[in-house]
Amino acid sequence: MPEKKAFARLPGSVIPSNYNIKLKPNLEAFTFEGDETITVDVKSATNTILINSVEIAIQSATFQAQGSSDISTSEISFNDADEKVTFKFPAPLPVGIGELKIKFTGILNDKMKGFYRSKYTTPDGKEQFAAVTQFEATDARRAFPCWDEPAVKATFDVTLVVPKQKVALSNMPVISSTELDGDLVELKYGTTPIMSTYLLAFIVGDYDYVEGKDQDDVIVRVYTPVGKKEQGLFALEVAIKTLPFYKNYFGIAYPLPKMDLIAIADFSAGAMENWGLVTYRETALLVDPNNTSSHVRQWVALVVGHELAHQWFGNLVTMEWWTHLWLNEGFATWIEYLCVDHCFPEFDIWTQFVNNDLGRALELDALHTSHPIEVPVGHPSEVDEIFDAISYSKGASVIRMLHNYIGDEHFRKGMNLYLTKFKYKNAFTEDLWAALEESSKKPIGQLMSTWTKQMGFPVLQVEEKQDGKSRVVTITQSKFCADGIIPEGDNSQWMVPITICTASSPDKPVSTGVLDSKNLTLTLENVKATDWIKVNSGTVGVYRVQYSSESLERLIPAIKNKSLSPSDRLGLQSDLFALARAGMVSSVDVLKVAEAFINEDNYTVWNDLSSNLSSVALILQYTESYPQFQSFIRNLFRPISQTVGWDKKDGESPLIAMLRDLVLTKLGRNGDESVIKEATKRFEEHFTGSKLLAADLRKSVYISILSDGNEDVFTKMLELYDKADMQEEKVRISRSLGTVRDEGLISKVLDFSLSDKVRSQDSVFVIAGVTGSVKGRQLAWKFVKDNWTKLYDRYRGGFLLARLIKATTEDFISEELAKEIEEFFKANPAPAAERAIKQSCENIRLNARWLDRDGDKLKEWLKSK
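Residues numbered from 1 in each chain as written. Predicted model: local features only at pLDDT ≥ 70, side-chain atom pairs only at ≥ 80, totals over all residues. Heavy atoms only, no water.

Draft legend 1. A look at the overall build of the chain. Assigned secondary structure in the chain consists of 26 helices and 29 strands. Its C-alpha atoms give the chain a radius of gyration of 28 Å, within 12% of the compact-globule value 29 Å for 865 residues. Projected onto its principal axes, the C-alpha positions of the chain cover 90 × 65 × 55 Å. Counting over 865 residues, the chain shows a buried share of 61%. Summarising the internal contacts of the chain: among those between residues at least 6 apart in sequence, 71% fall at separations of at least 24. Within the structure as shown, the chain displays about 32,500 Å² of accessible surface, and the carbon and sulfur contribution to it stands at 50%. Taken together, the 98 basic and 117 acidic charged side chains of the chain have centroids lying 2 Å from each other. (Helix = DSSP H or I, 4+ residues; strand = E, 2+ residues; numbered from the N terminus. Rg over C-alpha atoms; globule rule 2.2 N^0.38 Å. Buried < 20%, exposed > 50% of the residue type's maximum accessible area, 1.4 Å probe, protein only. Contact = heavy atoms within 4.5 Å. Areas by Shrake-Rupley, 256 points an atom, 1.4 Å probe, with all protein chains shown as cover. Lys, Arg positive; Asp, Glu negative; His and termini not counted. Charge placed at Lys NZ, Arg CZ, Asp CG, Glu CD.)

Draft legend 2. Focus on the sheet that holds strand S3 (residues 46-52). Taking strand neighbours across the sheet as the criterion, the three strands line up as S3-S7-S6 in an open arrangement whose pairing is antiparallel. The open sheet has two edge strands with one neighbour each: S3 and strand S6 (75-79). Each strand axis lies, on average, 20° off the axis of its neighbour in the sheet, ignoring direction. (Pairing = 2+ DSSP bridges. Axes fitted to C-alpha atoms, helices over the stretch in contact; angles between N-to-C directions.)

Draft legend 3. Quick look at the packing of helix H14 (residues 626-644) against helix H26 (residues 834-864). Where H14 meets H26, the axes come as close as 9 Å, and the angle between the chain directions of the two elements is 55°. Put simply, H14 runs oblique to H26. Relative to H26, H14 is oriented so that their crossing is left-handed. Along the contact surface, H14 presents Gln628, Phe629 and Phe632, while H26 presents Trp861, Leu862 and Lys863. Of the residues assigned to the contact of H14 with H26, the class counts are four nonpolar, one polar and one charged. (Parallel < 35°, antiparallel > 145°, perpendicular 65-115°, else oblique. Left-handed = near helix turned anticlockwise from the far one by under 90°. Nonpolar A, V, L, I, M, F, W, Y, C, P; charged D, E, K, R; others polar.)

Draft legend 4. Structural context of the packing of aromatic side chains. Using the criterion set out here, one finds 48 aromatic pairs in the structure. Sitting over the ring of Phe30, Arg117 keeps its end group 4.2 Å from the ring centre. For Lys730, the ring lying beneath its charged end belongs to Tyr721, and the centroid distance is 4.5 Å. (Phe/Tyr/Trp six-rings, centres within 6.5 Å; stacked < 30°, edge-to-face > 60°. Lys NZ or Arg CZ within 6 Å of the ring centre and 35° of its normal.)

Draft legend 5. Fine view of unusual backbone geometry. The linkage connecting Glu136 with the following residue, Ala137, adopts the cis geometry, with an omega of 10°. In this structure, Met112 takes a positive phi of about 60° despite not being glycine. Here Met112 is to be found in the loop between strand S8 (96-107) and strand S9 (114-121). Located in the positive-phi region is Tyr424, a residue other than glycine, with phi close to 65°. With respect to the helices, strands and loops of the structure, Tyr424 is situated in the loop between helix H7 (408-422) and strand S22 (425-427).

Draft legend 6. Broad picture of the side chain of Arg471. Residue position: Arg471 is located in strand S24 (residues 470-479). A polar atom in the side chain of Arg471 sits 2.7 Å from the backbone oxygen of Lys528. Apart from the residues within four sequence positions on either side, Arg471 is in contact with Glu464, Lys465, Gln466, Leu522, Thr523, Leu524, Val527, Lys528, Ala529, Asp531, Ile533 and Arg554. (Polar contact = N/O pair within 3.5 Å; in protein donor to acceptor, adjacent residues only side chain to side chain.)

Draft legend 7. Seen up close, the nonpolar core. The biggest cluster of nonpolar side chains holds 299 residues, and the ones touching the most others in it are Phe144, Trp147 and Tyr418. Of the residues forming this core, the biggest block, twelve residues, is contributed by helix H3 (residues 325-343). Leaving out residues up to four positions away in the same chain, Phe144 has contacts with Tyr19, Ile21, Glu36, Asn52, Ile56, Phe104, Phe135, Phe156, Leu200 and Phe202. (Core = buried A, V, L, I, M, F, W, Y, C linked by side-chain atoms within 4.5 Å.)

Draft legend 8. Focus on the sheet that holds strand S25 (residues 496-502). Across the sheet, which stays open at both edges, the three strands sit in the order S26-S25-S28 with antiparallel pairing between neighbours. The sheet terminates laterally at strand S26 (511-515) and strand S28 (533-535), the two strands that pair on one side only. On average, adjacent strands in this sheet sit at an angle of 20° to one another, irrespective of strand direction. Here S25 pairs with S28 via three bridges, running antiparallel. Opposite Thr502, over in S28, you have Ile533 as the bridge partner.

Draft legend 9. Representation of helix H1 (residues 233-250). The end-to-end C-alpha separation of H1 is 26 Å, in line with the 26 Å expected for 18 residues at 1.5 Å each. Here H1 has its buried residues at Phe234, Ala235, Leu236, Val238, Ala239, Thr242, Leu243, Pro244, Phe245, Tyr246, Tyr249 and Phe250. With its phi angle positive at about 70°, Gly251 sits one or two positions after the end of H1. (Expected span 1.5 Å × (residues − 1).)

Draft legend 10. Here's a closer look at the side chain of Gln630. Take Gln630: it is sitting in helix H14. Residue Gln630 is classed as buried on the basis of its relative accessible area of 14%.

Draft legend 11. Here's a closer look at helix H17 (residues 695-707). Taking 1.5 Å of rise per residue, the 13 residues of H17 would be expected to cover 18 Å, and the 19 Å separating its terminal C-alpha atoms lies within 8% of that figure. For H17, the buried fraction is high: eleven of the 13 residues fall into the buried class. Taken as a whole, H17 has its buried residues at Ala695, Leu697, Arg698, Ser700, Val701, Tyr702, Ile703, Ser704, Ile705, Leu706 and Ser707. If you follow the buried residues of H17, they end up packed against helix H15 (654-669), helix H16 (673-688), helix H18 (711-723) and helix H19 (727-736).

Draft legend 12. Spotlight on the packing of helix H2 (residues 294-310) against H3. H3 packs onto H2 with a crossing angle of 125° between their chain directions and a minimal axis gap of 8 Å. Here H2 is positioned oblique relative to H3, judged by the angle of their axes. In terms of crossing hand, the pair formed by H2 and H3 is right-handed. Residues Ala301, Leu302, Gly305, His306, Ala309 and His310 of H2 form the contact with H3, whose own contacting residues are Asn328, Glu329, Ala332, Thr333, Ile335, Glu336, Tyr337, Cys339 and Val340. Its residues placed into classes, the contact of H2 with H3 shows eight nonpolar, five polar and two charged.

Draft legend 13. Just the pairing of strand S16 (residues 208-213), in detail. The sheet contact formed by S16 and strand S17 (residues 219-224) spans six bridges and is antiparallel. The partner of Glu211 across the bridge, within S17, is Arg221. Taking the residues between adjacent antiparallel strands as the criterion, S16 and S17 are bridged by five residues, where Asp217 takes a positive phi near 70°.

Draft legend 14. Spotlight on the pattern of salt bridges. Applying the stated criterion across every chain, the model contains 65 salt bridges. Of the charged contacts, one joins Lys681 and Glu685 as a salt bridge, the two residues approaching to 3.8 Å between their closest N and O atoms. Of this pair, Lys681 and Glu685 both sit in helix H16, four residues apart, which is roughly one turn of that helix. Look at Lys681 and you get partly exposed, because its relative accessible area is 43%. Between Glu729 and Arg732 there is a salt bridge, with the nearest N and O atoms lying 2.8 Å from each other. (Salt bridge = Lys/Arg side-chain N within 4 Å of Asp/Glu carboxyl O.)

Draft legend 15. Region of interest: the pairing of strand S27 (residues 519-524). Burial along S27 is one-sided: the residues Leu520, Leu522 and Leu524 are buried and none of Asn519, Thr521 and Thr523 is. The pairing of S24 with S27 spans six bridges and is antiparallel. Paired with Arg471 across the bridge in S27 is Leu524.

Draft legend 16. Focus on the environment of Ala29. Among the secondary structure elements, Ala29 is positioned in the loop between strand S1 (14-26) and strand S2 (31-42). Each C-alpha atom, one on Ala29 and one on Leu108, is 8.6 Å from the other, the two residues being 79 residues apart in sequence.

Draft legend 17. View of the environment of Gly489. Locating Gly489 in the fold gives a position in the loop between S24 and S25. Remark: the alpha-carbon pair of Gly489 and Ile619, spanning 130 residues in sequence, is separated by 31 Å.

Draft legend 18. Representation of the environment of Asn561 in the model. The topology assignment puts Asn561 in the loop between helix H10 (549-560) and helix H11 (566-581). Residues Asn561 and Asn599, spaced 38 residues apart in sequence, show a C-alpha to C-alpha distance of 7.7 Å.

None of the figures reported here should be taken as evidence of function without further support.
This is the structure:
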């Protein structure tokens, strides 16, 4: 990685305890006026106060010690690179309590961070702007000068001066309202609990809401665009079930009097856990009975579960510094599944975890350019880089493994100890391990440091020997690398919780242990010579498993007859594809195993298998074997498509709806004539309004007709986009447009992505949509280079920039392009995406090596089909 910028945290000589902030946003000039009185404790005599501030003009600053008169600053100096301001006073400030008073002005920017403007259209078609906030990680300093570090906690008293007719919200309820001249009102909000600056929020705009109370009388409201309040009802139901679930799980009541959830038009993340006022993208909160797919409905439940978990884990107890960000995000990602499983068992959500989170984590963490879960973070520009699949998905996966290892009772007890000890304070990763160690009496710190402080994970080689009625199993660990090459001198080892299930006990481990050295030998009693055994029961462990070909042969019938659990069927093929890409097993053999999934009926297993097959498709797109591979895909997916059919059946589970969407999309993309024909018929009925498509069918129909489509189809899709009243539908259409094959149409999609018809947070995904084909990939990369200045200005310092770069670069397969990408970013640096660029280039080289090694063998095998 490049050299890190020099960075120092704020000095501890002056510490805030309360901010009294008054803000007056101007929604026409896109500016705001502010004044704040910060109660501080001067710990040691100093004539300077150094705090964070960026893009703020400071008119005056004075200091008043208790019982003394104001002292004005003698000098105010800014360090823009470090986002700091220094107030210098003519003499040292006396030790003790005092007040720092600052008058300032700022801008309501259009960069989706700090205090920013968000554009929306009212029901009567008028364009309006809201003033909204997004402060995590380091952008509270764009709204008011402050100690913008998570460990410098304080209470906040917020006052907003706003137009009378607008809705204005903050973390706490309004405690007084005073009418002012000029149609303005001054709203004072209650004092917040002690908390970090990044959790403060204020919002001014036009909104409707639905309201309810949870069983503990906490008032819950979901704010929606005007005229769409019924779209908030599902999230309201989830929130009302979720708050008591967490209260009971943690054994600690939710400490605020209200919980607001609000949909923001322009929003870069999925959602943000501001205490008592959680902000969301519209697509992560709003659900419409006729226009929302099962997939989005489930996504809303997960995101609401995630953000509400943070109200305890993150807000009540906060990481001491961004190095421990994973603790916030990994934990909330794990427990959102626990919560959704409790509220909506029909989603079979834990099986989906293996695909959504464990799979993503293992894929990224096998790269040489990955990073440990705990990353030393200094300068603010480094923080955004770690909001990635390692912090969220690997973090969640190791917590799931840990929970499984110590059991739910000990885990809950430890969580309660931790939250009780550190409430309203800050904590380090080690503090959580200490609490869980106390509750479980197991060596948690020792075990978990092998997972959080070193990068990567192991592959376990399994050898079996039959000894009468027993099976002797020897397990050997080594580091798993995506290219199969362990760096010289890397002797990484992990403490690995091991679980083994067998043919006679497929759902419950018959043996558990901890592999704490290179090898472990276990003896399983009463196992027949013909019985299969599976290491990593339930696919809970964060590792890959490699079997001998005999062991694998025994497992194949258990895939076909589904006696292996869904998460084990999923884990087995997921490991095999990763091993094939690393050159540790034959890709042809893996495709033969894939054929055993012909009777598969589980959505999540199909979803994982589908994305693994896409990684093979990616390298074969550059060869003449690609049409044969598409035929292989069609033959594999056709039987399940006939089982699920096109139309919803009475009482079917949401997972069947998601499975239908998945298989029809796969077949449409791969040129299945009958699917494209039926999709075309149904699209025409939908377009003319004679028979609207069910929300669950729209994506598969749109992708199928666009992948076969001409200018006429494309124009009709744009017409539907313009008419769509719901952001979910606009996103569904815009992300499907890139499926077109015609070069002229691909260019139109790319131009459309940066037009004012597409919200800034969605452009990245519209561009990514064209990268599924060789031609689309080339055009997308050219488009990024040609529009780099505009794109960089729009997304700099945010994680959307890393997303954009990865999506448009990582699927190439030549050394020449890897070098071109490296050269381009040497000339056009993108500090917040440096790791993403390295990971993309590593993936390109992996693709090239894979094709080089297995391309001819795959070609021969596909021909024989």
